[in-house]
Every structure is written in C-alpha cells, then in structure tokens.
Amino acid sequence: MCPIDPAGEHADLLDFLRERLERGNDCLLAGNARGAIVYYDSALASFHPNGQIPVLQPTYRALWTNKALAHQQLRELVKSQEASMFANSLPLSG
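Residues numbered from 1 in each chain as written. Predicted model: local features only at pLDDT ≥ 70, side-chain atom pairs only at ≥ 80, totals over all residues. Heavy atoms only, no water.

**Student:** Please clarify how the packing of aromatic side chains should be interpreted in this entry.
**Tutor:** The relative placement of two aromatic rings is captured by the distance of their centres and the angle of their planes. Within this structure, the stated rule accounts for 4 aromatic pairs. Relative to W64, the ring of F47 lies with its centre 5.4 Å away and its plane at 75°, an arrangement referred to as edge-to-face. In this pair, F47 is assigned in the loop between α2 (33-44) and α3 (57-73) and W64 in helix α3, connecting sequence segments 17 residues apart. Judged by relative accessible area, which is 9%, W64 ranks as buried. Using a relative accessible area of 10% as the deciding quantity, one classes F47 as buried. Within the aromatic cluster, the residues linked to one another by ring pairs are F47, Y60, W64 and F86. (Phe/Tyr/Trp six-rings, centres within 6.5 Å; stacked < 30°, edge-to-face > 60°. Helix = DSSP H or I, 4+ residues; strand = E, 2+ residues; numbered from the N terminus. Buried < 20%, exposed > 50% of the residue type's maximum accessible area, 1.4 Å probe, protein only.)

What follows is the structure in structure tokens.
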C-alpha cells in the first residue's frame with residue numbers, strides 16, 4: 001500500500017513554498033529583512049486569493065506573516081499591515 005500524499009498534485013509547489021519560507025526565515029533571523037522579503041515574494045508570486053488550495057494555505061499564511069514581520073523590522077508599516085491582512089484572511093489550517 002502506497003502512503004497517501006496530502007499535498008497530492010500540489011506537492012512540488014508546496015516543497016517550493018516551504019523552501020522559500022525556510023530561506024527567508026534564515027535571512028530574517030540573520031537580520032537581513034530585505035533579503036527575507038525577496039524569498040517570501042518569490043514564493044508569494046504564486047498566491048492567488050481567489051484560487052486558494054487548502055493544503056497550501058498554512059504555508060501561504062506563514063509566508064505572509066513573516067513578510068509582515070520583515071517589513072516591520074524595516075519600519076515599512078503600511079507594507080507590514082498589508083501583509084498581515086493577507087495572512088489573517090487565510091485559515092489557520094488547510
């Protein structure tokens with residue numbers, strides 16, 4: 001019996017999103033908020049609010065949340081608030 005892949009047809013995209021999230025988080029922890037935003041944005045380029053895929057939502061939520069934190073560190077408060085609004089619009093679990 002084969003194991004069930006919860007991401008199914010979206011497994012490659014989910015892997016990509018998680019890799020970008022990890023790299024962005026590494027930048028953020030190293031104090032490079034601008035670099036973190038580059039990684040988060042490269043993943044969020046695939047985000048479409050009207051075509052949300054439940055299995056991807058927790059990762060998108062983390063990307064938006066961490067992007068908000070990075071903008072906050074740079075004192076870009078409007079951009080931080082916008083990213084927070086996107087994060088808060090997504091369900092907590094997929």
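Next comes the rest of the description.
**Student:** I keep staring at the packing of helix α1 (residues 11-29) against α2 and nothing clicks. Help me out?
**Tutor:** Any two packed helices are characterised by how steeply their axes cross, that is the angle between the axes, and by the distance between the axes. Relative to each other, α1 and α2 sit at 170°, their axes nearing to 7 Å. Taken together, the axes of α1 and α2 are roughly antiparallel relative to one another. On α2, the residues that touch F16, L17, R20, L21, R23, G24, N25, C27 and L28 of α1 are A33, G35, A36, Y39, Y40, S42 and A43. Across the contact of α1 with α2, the residue classes break down as 10 nonpolar, 4 polar and 2 charged. (Axes fitted to C-alpha atoms, helices over the stretch in contact; angles between N-to-C directions. Parallel < 35°, antiparallel > 145°, perpendicular 65-115°, else oblique. Contact = heavy atoms within 4.5 Å. Nonpolar A, V, L, I, M, F, W, Y, C, P; charged D, E, K, R; others polar.)

**Student:** I tried to follow the pattern of salt bridges on my own but got confused; where do I start?
**Tutor:** Two side chains with opposite charge may pair up if their charged atoms get near one another. All told, the structure shown has 4 salt bridges when counted by the stated rule. Residue R20 pairs with E19 through a salt bridge whose shortest N-O separation is 2.9 Å. Close ionic contact of E19 with R23 constitutes a salt bridge, the shortest N to O distance being 2.1 Å. Linking E19 with R23, this pair stays in helix α1, spanning 4 residues, or about one helical turn. On the basis of relative accessibility, which here comes to 42%, the residue R23 falls in the partly exposed class. Ionic contacts of the salt-bridge type, sharing partners, join the residues E19, R20 and R23 into one network. (Salt bridge = Lys/Arg side-chain N within 4 Å of Asp/Glu carboxyl O.)

**Student:** What exactly am I supposed to notice about α2 here?
**Tutor:** When the terminal C-alpha atoms of α2 are compared, their 16 Å separation across 12 residues agrees well with the 16 Å that a helix rising 1.5 Å per residue should span. Along α2, the positions that sit buried rather than exposed are A33, G35, A36, I37, Y40, A43 and L44. Structurally, α2 contributes buried residues whose contacts are with α1 and α3. (Expected span 1.5 Å × (residues − 1).)

**Student:** Would you mind showing me how to read helix α4 (residues 77-89) here?
**Tutor:** Three or four residues apart is the spacing at which side chains of an α-helix point the same way, because the helix has 3.6 residues per turn. When the terminal C-alpha atoms of α4 are compared, their 18 Å separation across 13 residues agrees well with the 18 Å that a helix rising 1.5 Å per residue should span. Those residues of α4 not exposed but buried are S80, A83 and A87. Angular distribution of buried residues about the axis of α4 spans 70°; they occupy a single face of the element. What points out from α4, more than 90 degrees from its buried face, is the exposed set V78, Q81, M85 and N88. Tucked into the core, α4 has its buried residues touching α3. (Arc of directions from axis to C-beta.)

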